2 protein chains.
Amino acid sequence: MLRIFIVFFLIASPVCALTIDPLPSWKECETKKKILDFVRTVTDKKSKHYVRPSQRVAVFDCDGTILCEKPLYTQFVFARDRVKLLVDKNPELKKNKIFQAAIEGDRKTLAKSGSKGIQVLLGDTHAGLTTEQYEKIVADWMNSAKHPRYKKAYKKCVYQPMKEIIAFLQVNGFKTYIVTGSGRDFMRAWCKQELGIPPNQIVGSSCKLKFEIKDGTPQVCRTKIIDELNDGPVKPVGIQTMIGLKPIVAFGNSDGDVAMLQWTSSNKGKTLCAIVHHTDDVREYSYDKVSHVGHLEKGLELADKNGWQLIDMKNDWKTIFSFDQ
Amino acid sequence: MLRIFIVFFLIASPVCALTIDPLPSWKECETKKKILDFVRTVTDKKSKHYVRPSQRVAVFDCDGTILCEKPLYTQFVFARDRVKLLVDKNPELKKNKIFQAAIEGDRKTLAKSGSKGIQVLLGDTHAGLTTEQYEKIVADWMNSAKHPRYKKAYKKCVYQPMKEIIAFLQVNGFKTYIVTGSGRDFMRAWCKQELGIPPNQIVGSSCKLKFEIKDGTPQVCRTKIIDELNDGPVKPVGIQTMIGLKPIVAFGNSDGDVAMLQWTSSNKGKTLCAIVHHTDDVREYSYDKVSHVGHLEKGLELADKNGWQLIDMKNDWKTIFSFDQ
């Protein structure tokens, strides 16, 4: 009988969640109301906007949307630390401009290097490792390396209000996906633990993998070759490739997310699209049009036209990080 | 109260399934016993081989493993029908040797053309279509085109015993994936309906996709460019890419599945690997070492060494197709 009660409690919990405030880090703003209304409507069988659980797909960009991306993308910082190790072993590598910029903390060059920089840093630094070895290295680093401003492990620099949205959607039958320009395997190393998102729900950039049998042991290894970066118009392609369904919820923060938001809001049913707008230069950072990292210009123009919700970090969020309180 | 009972029934159903024979199309053979024992063991919390639901990943090849692949791979037949339509519109295309072989039913050339043939037939025949349009065409064809020998729709040429295994694993908390050399989008068009396998659980060959906004409508279209075929050593790579976990169950039927079986059986926990051996020339087809389609030689050598179960279609299966009875 106890088991029945537990099951009943679990089934009833989305309803309870609505009454006990599933988004406590949000102020009582328009955005919060829209999110709650949206989820209530698409999960209500009596609503004309009802969506079956199998179709409840929500996609989230990572850097700047759920994870702090300033002063530099987290994976860049990780790669820089890794480059330092590599150069210690082989000083010849210092001739590589991207490697040099990474070591010297030349943020401008790195930010400007864009796709090419990511390719060199993603590919060259970890070629030959098995995916398992790589994920272990990333997980250890995410646990130990500290953000220069907050002095907390990088994985703790997740926005608490976004973490709450992800959990709220999950409990309401949504499959929540990360759709990011960062590396798929980089994300897999920590997203299950921190966000409850399993490896098959990460859509990210990737290097080509290779299957081989080494000393009798089958293994899948990373190569230097980087596939097309999962950013901009590649995001809807990544979504179609990995998910095969058009999302009904999308959260982004930069122009690299515009195509993903357009793709989501072209869904015939009811959709929820939102942009995290970095407006808080006291608790976090304030940036949009003039920033290399998280550049947001087209997105701002299109938000109003397309009915995308702008999330005002300064005014909408009570708490930004879990360690804020 | 009714809801509680329904939930209770659903929870209890895997147990019921074990007592009411979840595999009625199987004779009481060694293979059936091994499958039932395996599932019972890995789902039993008291067993030292217990596997948490999140780690219960089962992979299935398609052609020759769950779907009849003789006299020709189903997707080849589909592409042939499509080529006929294209050539009617543009006779110039007849100069293409692969197209010509497809139209003339030159099975030998097509079977021999292997990867290249698949590339031409997959890529050139549907470039420019949106993935939605393409899946609609495939679904219609799978419903209407008939297998030349069985005179049944192609989607009905699924092996009933394999359909039962897939359903049995699903009800026992497994995520069941198709891992096939055939096209991912080709499979997505019919696998949800026939096998209960959703689009995000199909790992297959693919063409490059392109996002564009056409007349104000965002769309994802197919291009001519074919990615590496998902066969042989590419299968474990596809598994790592799409799933990110090592499977504990794998079913294949040809040498193209050997790497996938090796990858699965390298899992440290208990695994179940099996090869469907085509031994029934009365009810289906009998072939292995000398066949172009579904060539099986290395797999036979390795099965014994690795403890992979050989499924003897003639002697292990009571029924082959649902329309057999």
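Please refer to the structure higher up on the page.
Anyway, here's the lowdown on the structure attached to this text. (Residues numbered from 1 in each chain as written. Chains lettered and ligands numbered in written order. Predicted model: local features only at pLDDT ≥ 70, side-chain atom pairs only at ≥ 80, totals over all residues. Heavy atoms only, no water.)

Brief notes about the interface of chain A and chain B
Interface size is often expressed as the accessible area that is lost when the parts come together. Taken together, the contact between chain A and chain B spans 33 residues of the former and 33 residues of the latter. Of the roughly 3000 Å² buried at the junction of chain A and chain B (both faces included), carbon and sulfur atoms supply 66%. Scanning the region where chain A abuts chain B turns up zero salt bridges. Elements that contribute at least two residues to the side of chain A that touches chain B include exactly helix H1 (2-19), helix H6 (131-144), strand E2 (175-183), helix H8 (184-195), strand E4 (207-214), strand E5 (217-226), helix H9 (234-242) and helix H10 (258-265) of chain A. (Contact = heavy atoms within 4.5 Å. Buried area = accessible area lost by both parts, 1.4 Å probe. Salt bridge = Lys/Arg side-chain N within 4 Å of Asp/Glu carboxyl O. Helix = DSSP H or I, 4+ residues; strand = E, 2+ residues; numbered from the N terminus.)

Digging into the relation of the copies chain A and chain B
The transform that puts chain A on chain B rotates by 180 degrees and translates by 0.0 Å along the axis, for an RMSD of 0.0 Å. Considering both components of the superposition, the chain copies are consistent with a two-fold axis. (Least-squares fit on C-alpha atoms with pLDDT ≥ 70 in both.)

Some details on the side chain of B:Thr264
All names here are of chain B. For Thr 264, the location among the structural elements is in helix H10 (residues 258-265). Classification of Thr 264 as buried rests on a relative accessible area of 0%. What Thr 264 contacts, discounting residues up to four positions off in sequence, is Val 59, Pro 247, Ile 248, Val 249, Ala 250, Thr 271 and Cys 273. (Buried < 20%, exposed > 50% of the residue type's maximum accessible area, 1.4 Å probe, protein only.)

Thoughts on the packing of helix H3 (residues 74-89) of chain B against helix H6 (residues 131-144) of chain B
All names here are of chain B. Packing of H3 against H6 leaves a shortest axis separation of 11 Å and a crossing angle of 105 degrees. As far as their axial angle goes, H6 and H3 are roughly perpendicular. On H6, the residues touching Thr 74, Gln 75, Val 77, Phe 78, Asp 81 and Arg 82 of H3 are Tyr 134, Ile 137, Val 138, Trp 141 and Met 142. Here the contact of H3 with H6 is composed, by residue class, of seven nonpolar, two polar and two charged. (Axes fitted to C-alpha atoms, helices over the stretch in contact; angles between N-to-C directions. Parallel < 35°, antiparallel > 145°, perpendicular 65-115°, else oblique. Nonpolar A, V, L, I, M, F, W, Y, C, P; charged D, E, K, R; others polar.)

Topic: H10(A)
In terms of burial, H10(A) is largely enclosed, as seven of its eight residues are buried. Those residues of H10(A) lying buried are A:Val258, A:Ala259, A:Met260, A:Leu261, A:Gln262, A:Trp263 and A:Thr264.

Some remarks on the pattern of salt bridges
Going through the model one piece at a time under the given rule, you end up with 36 salt bridges over all chains. The shortest N-O distance in the salt bridge between B:Glu92 and B:Lys95 comes to 3.3 Å. B:Glu92 gets classed as exposed once you look at its relative accessible area, which sits at 51%. Residue class for B:Lys95 comes out exposed when judged on its relative accessible area of 65%. A salt bridge links B:Arg184 to B:Asp185; the nearest nitrogen and oxygen atoms lie 3.0 Å apart. Several salt bridges share partner residues, and in doing so they unite A:Lys155, A:Lys156, A:Lys163 and A:Glu194 into one network.

Re H6(A)
Residues three or four positions apart in an α-helix share a direction because the helix packs 3.6 residues into each turn. Taking 1.5 Å of rise per residue, the 14 residues of H6(A) would be expected to cover 20 Å, and the 20 Å separating its terminal C-alpha atoms lies within 8% of that figure. Among all positions in H6(A), only A:Thr131, A:Tyr134, A:Val138, A:Trp141 and A:Met142 are buried. Down the axis of H6(A), the sector holding all buried residues measures 100 degrees, keeping them to one side. Among the exposed residues of H6(A), those oriented more than 90 degrees off its buried face are A:Glu132 and A:Lys136. Where the residues of H6(A) are buried, they touch helix H3 (74-89), H8, E4 and E5 of chain A together with helix H9 (234-242) of chain B. (Expected span 1.5 Å × (residues − 1). Arc of directions from axis to C-beta.)

Focus on unusual backbone geometry
Cis geometry is found at the peptide bond from A:Lys70 to A:Pro71, where omega equals 0 degrees. Its place among the elements puts A:Pro71 in the loop between strand E1 (57-60) and H3. Phi is positive for B:Asp21, close to 65 degrees, though the residue is something other than glycine. Note that B:Asp21 resides in the loop between helix H1 (2-19) and helix H2 (30-42). For B:Asp21, a relative accessible area of 28% gives the class partly exposed. At B:Asp215, a residue that is not glycine, the phi angle is positive and equals roughly 50 degrees. In this fold, B:Asp215 is placed in the loop between strand E4 (207-214) and strand E5 (217-226).

Here's the deal with the packing of aromatic side chains
Aromatic rings considered in pairs are described by the distance between their centres and by the relative angle of their planes. If you walk through the whole model with that rule in mind, you get 26 aromatic pairs over all chains. With centroids separated by 5.7 Å and ring planes inclined at 70 degrees, the aromatic side chains of A:Trp26 and A:Trp317 adopt a geometry described as edge-to-face. Pair noted here: A:Trp26 is in the loop between H1 and helix H2 (30-42) and A:Trp317 is in the segment after helix H12 (313-316), with a separation of 291 residues, a long-range link. Among the residues examined, A:Trp317 registers a relative accessible area of 0% and is labelled buried. Seen from their ring centres, A:Phe78 and A:Trp141 are 5.4 Å apart, and the 70 degrees between their planes marks the pair as edge-to-face. On the criterion of sequence distance, the pair formed by A:Phe78 in helix H3 and A:Trp141 in helix H6 is long-range, its members being 63 residues apart. By relative accessible area, which is 9% here, A:Trp141 ends up buried. Grouping aromatic residues by their ring pairs yields a cluster made of A:Trp26, A:Tyr150, A:Tyr159, A:Trp317, A:Phe321 and A:Phe323. Sitting above the plane of the B:Tyr285 ring, B:Arg149 keeps its charged end 4.8 Å from the centroid. (Phe/Tyr/Trp six-rings, centres within 6.5 Å; stacked < 30°, edge-to-face > 60°. Lys NZ or Arg CZ within 6 Å of the ring centre and 35° of its normal.)

Describing the environment of A:Lys298
All names here are of chain A. In this structure, Lys 298 sits in helix H11 (residues 298-306). Lys 298 gets classed as partly exposed once you look at its relative accessible area, which sits at 44%. Here Lys 298 is in contact with Asp 255 and Val 258, once residues within four sequence places are set aside.

Digging into the pairing of strand E3 (residues 202-205) of chain B
All names here are of chain B. When strand E2 (residues 175-183) meets E3, the two strands line up parallel, connected through three bridges. Across the sheet, Ile 178 pairs through a bridge with Ile 202, a residue of E3. With respect to chirality, the unit in which E2 leads through helix H8 (residues 184-195) into the neighbouring parallel E3 is right-handed. (Pairing = 2+ DSSP bridges. Right-handed = clockwise from strand over helix to strand, strands pointing away.)

Concerning the side chain of A:His147
All names here are of chain A. Among the secondary structure elements, His 147 is positioned in the loop between H6 and helix H7 (160-171). The buried category is assigned to His 147, whose relative accessible area is 2%. Looking at His 147, its side chain comes within polar contact range of the main-chain oxygen of Lys 70, at 2.8 Å. Side-chain polar atoms of His 147 contact the backbone nitrogen of Tyr 150, separated by 3.3 Å. Ignoring any residue separated from it by four or fewer positions in sequence, one finds His 147 in contact with Cys 68, Lys 70, Pro 71, Lys 152, Tyr 154, Cys 157 and Tyr 285. (Polar contact = N/O pair within 3.5 Å; in protein donor to acceptor, adjacent residues only side chain to side chain.)

A few points about the layout of surface pockets
One water molecule sets the probe size; rolling that probe over the atoms shows where empty space is left. What the second largest pocket holds in volume is close to 1100 Å³. Every residue lining the second largest pocket is counted, 40 residues in all, and those nearest its centre are A:Asp227, A:Thr241, B:Lys208, B:Asp227 and B:Thr241. Those elements that place two or more of their residues in the lining of the second largest pocket are strand E3 (202-205), E4 and H9 of chain A together with E3, E4 and H9 of chain B. Of the residues that constitute the lining of the second largest pocket, the class distribution is 19 nonpolar, eleven polar and ten charged. (1 Å grid on protein atoms, 1.4 Å probe; cavity = no way out; pocket = protein on both sides within 12 Å on 5 of 7 lines; lining within 4 Å. Points joined across faces, edges and corners; volume = space filled by probe spheres on them.)

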